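Read off the chains here:
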Amino acid sequence: MSRRKAKREGRSRRRPGPPGDPRPTEPHHESLGSRLNWLRAGVLGANDGIVSTAGLVVGVAGATASATAVLVAGVAGMFSGALSMALGEYVSVSTQRDTERAALARERRELEEDPGAELEELAGLYRDRGLDADLARRVAEQLTARDALRAHAEVELRLDSDELTDPWQAALASFLSFLAGALVPLLLITLSPADWRVGTTVAAVTAAVALLGAVSARLGGAAPLRAALRCVVGGLLAMAVTFAIGTAVGGAAGA
C-alpha cells in the first residue's frame, strides 16, 4: 500500500468514543479546520452576493420602474461581482500557495544540508509542546525516519505538505457562492409585482443575511444572534443608501 493511500485511509477512519457516549464514533481529520474555513468562506461569499446585488437592484429600482433595466443591471452586477471575487480569491490564494511552497523548499534544503541540526530542532519543538527530553527525541527520530519533511512541515510550519491550498478551488468556491447569494434578490425583484418589488426584496434579503450570519457565527463558535443582527443592519443600510441614491439620481435625470 502506498504512503499516500495509507494516509487517505487513515484520515477516513473513525475513533470510537467512550462507553455510553451518545456519539459512538467521531471523525478525526487533520484538515477539519481547513474544511470549516472553506465552508465559512462560502457562507461569506454568499452573503456578499446577496448584499451587493440587493443594493444594486434596489438602487436601480429607486431610479426607474423599468423591470428590464433592473434585470439587466442585476445580471450584470451579479456576474461582475462573482468574477471579481473569484479573481481576487485566485490571486490571494496563489500568493499563499507560493509562500507555502517556498517555505517547504527552504525546509527541504535545510534537511539536506544539516539533518542533525534539524533533528535537534524538531526534538526541541516537541519539548516545547510538553514532552520530556527523551520522549521528544524518540518521537523526532521516528518521525524523521518516516518522513522528515512532513514532520517539520506539520510541527514547525503548520502545513500539510500533501495538501497545499488550491487557488482554483478557492476561486470556484467564491464564484459559485456569490452567484448563489446574488440570485436571491435578483429573482425576487424581477418576479415580484411592481408595487411590492422593493418591499419583498428587502424582506427576503433581511431573512437571508440573518440566516447566513447565524450560520457563519456557528461555524466560528460565536454568538449567532449578534452576528445575524450585524448582517441585518449592514444589509438594510446598504439597501437604504443605494435606494436613496437611485431615487435621487433617477429624479434628477428624469427617469
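Residues numbered from 1 in each chain as written. Predicted model: local features only at pLDDT ≥ 70, side-chain atom pairs only at ≥ 80, totals over all residues. Heavy atoms only, no water.

A word on the overall build of the chain
Per the secondary structure count, the chain includes eight helices and two strands. Of the regular secondary structure in the chain, the N- to C-terminal order runs α-β-β-α-α-α-α-α-α-α. Taking all 255 residues of the chain together, 32% fall into the buried category. Once local pairs closer than 6 in sequence are excluded, the contacts in the chain between residues at least 24 apart make up 69%. In the form shown here, the chain has an accessible surface area of approximately 14900 Å², with 62% of it arising from carbon and sulfur atoms. (Helix = DSSP H or I, 4+ residues; strand = E, 2+ residues; numbered from the N terminus. Buried < 20%, exposed > 50% of the residue type's maximum accessible area, 1.4 Å probe, protein only. Contact = heavy atoms within 4.5 Å. Areas by Shrake-Rupley, 256 points an atom, 1.4 Å probe, with all protein chains shown as cover.)

Notes on the nonpolar core
Ranked by size, the top nonpolar core spans 25 residues in total, and within it Ile-50, Val-57, Val-70, Ile-189 and Val-205 carry the most contacts. The contacts of Val-57, once residues within four sequence positions are left out, are Val-70, Gly-74, Pro-185, Leu-186 and Ile-189. Grouped together as the second largest cluster of nonpolar side chains are eight residues, Leu-119, Leu-122, Ala-123 and Val-155 included. (Core = buried A, V, L, I, M, F, W, Y, C linked by side-chain atoms within 4.5 Å.)

Here's the deal with the side chain of Ser-174
Along the chain, Ser-174 falls in helix α6 (residues 167-191). When residues no more than four places from it in sequence are discounted, the contact partners of Ser-174 are Met-85, Ala-86 and Glu-89.

Concerning the environment of Glu-118
Positionally, Glu-118 belongs in helix α4 (residues 115-128). Judged by its relative accessible area of 8%, Glu-118 is buried. Along the primary structure Glu-118 and His-152 are separated by 34 residues, whereas in three dimensions their C-alpha atoms are 8.4 Å apart. Beyond its immediate stretch of four places on either side in the chain, Glu-118 contacts Glu-107, Glu-110, Leu-111, His-152 and Glu-156.

Considering the pattern of salt bridges
Applying the stated criterion across every chain, the model contains three salt bridges. Arg-137 is the partner of Glu-120 in a salt bridge, and the nearest nitrogen-oxygen pair spans 2.2 Å. Pair noted here: Glu-120 is in helix α4 and Arg-137 is in helix α5 (residues 133-155), with a separation of 17 residues, a long-range link. Taking relative accessible area as the criterion, Glu-120 reaches 42% and is therefore assigned partly exposed. (Salt bridge = Lys/Arg side-chain N within 4 Å of Asp/Glu carboxyl O.)

Looking at a nonpolar patch on the surface
A cluster of nonpolar side chains, Leu-71, Val-75, Phe-79 and Leu-83, forms an exposed patch at the surface whose accessible area comes to about 320 Å². Here Leu-83 shows up in helix α3 (residues 67-113). What makes Leu-83 exposed here is its relative accessible area of 51%. (Patch = residues over 30% accessible without salt bridge, like charges linked within 9 Å, V, L, I, M, F, W, Y side chains within 5 Å.)

Some thoughts on the packing of α3 against α4
Running from amino to carboxyl end, α3 crosses α4 at an angle of 115°, the nearest separation of the two axes being 5 Å. Mapping the contact onto sequence places Glu-107, Glu-110, Leu-111, Glu-112 and Glu-113 in α3 and Pro-115, Glu-118 and Glu-121 in α4. Tallied by class, residues from the contact of α3 with α4 come to two nonpolar, no polar and six charged. (Axes fitted to C-alpha atoms, helices over the stretch in contact; angles between N-to-C directions. Nonpolar A, V, L, I, M, F, W, Y, C, P; charged D, E, K, R; others polar.)

Overview of the packing of aromatic side chains
If you walk through the whole model with that rule in mind, you get one aromatic pair. Ring centres 4.8 Å apart and planes at 55° place the aromatic pair Tyr-90 and Trp-168 in the tilted group. With Tyr-90 in helix α3 and Trp-168 in helix α6, this pair connects stretches of sequence that are 78 residues apart. On the accessibility criterion, Tyr-90 (29% relative accessible area) is partly exposed. (Phe/Tyr/Trp six-rings, centres within 6.5 Å; stacked < 30°, edge-to-face > 60°.)

Details of the packing of α3 against α6
At a minimum axis separation of 8 Å, α3 and α6 run at an interaxial angle of 160°. Classified by the angle their axes make, α3 and α6 are roughly antiparallel. Two packed elements cross with a definite hand, and for α3 against α6 that hand is right-handed. Residues of the contact of α3 with α6, tallied by class, amount to 22 nonpolar, six polar and two charged. (Parallel < 35°, antiparallel > 145°, perpendicular 65-115°, else oblique. Left-handed = near helix turned anticlockwise from the far one by under 90°.)

As for helix α8 (residues 224-253)
In this model, α8 (30 residues) spans 43 Å end to end at C-alpha, consistent with the 44 Å of a helix rising 1.5 Å per residue. Every buried residue belonging to α8 is among Ala-227, Ala-228, Val-232, Gly-235, Met-239, Gly-246 and Gly-250, and all of these are buried. (Expected span 1.5 Å × (residues − 1).)

A short note on the environment of Val-202
By secondary structure assignment, the location of Val-202 is in helix α7 (residues 197-220). Apart from the residues within four sequence positions on either side, Val-202 is in contact with Leu-236 and Met-239.

Some thoughts on α7
Along an α-helix, residues three or four apart share an orientation, since each turn contains 3.6 residues. Look at α7: 35 Å from first C-alpha to last across 24 residues, which is about the 34 Å you get at 1.5 Å a residue. If you check which residues of α7 are buried, you get Arg-197, Thr-201, Val-205, Ala-208, Val-209, Leu-212, Gly-213, Ser-216 and Ala-217.

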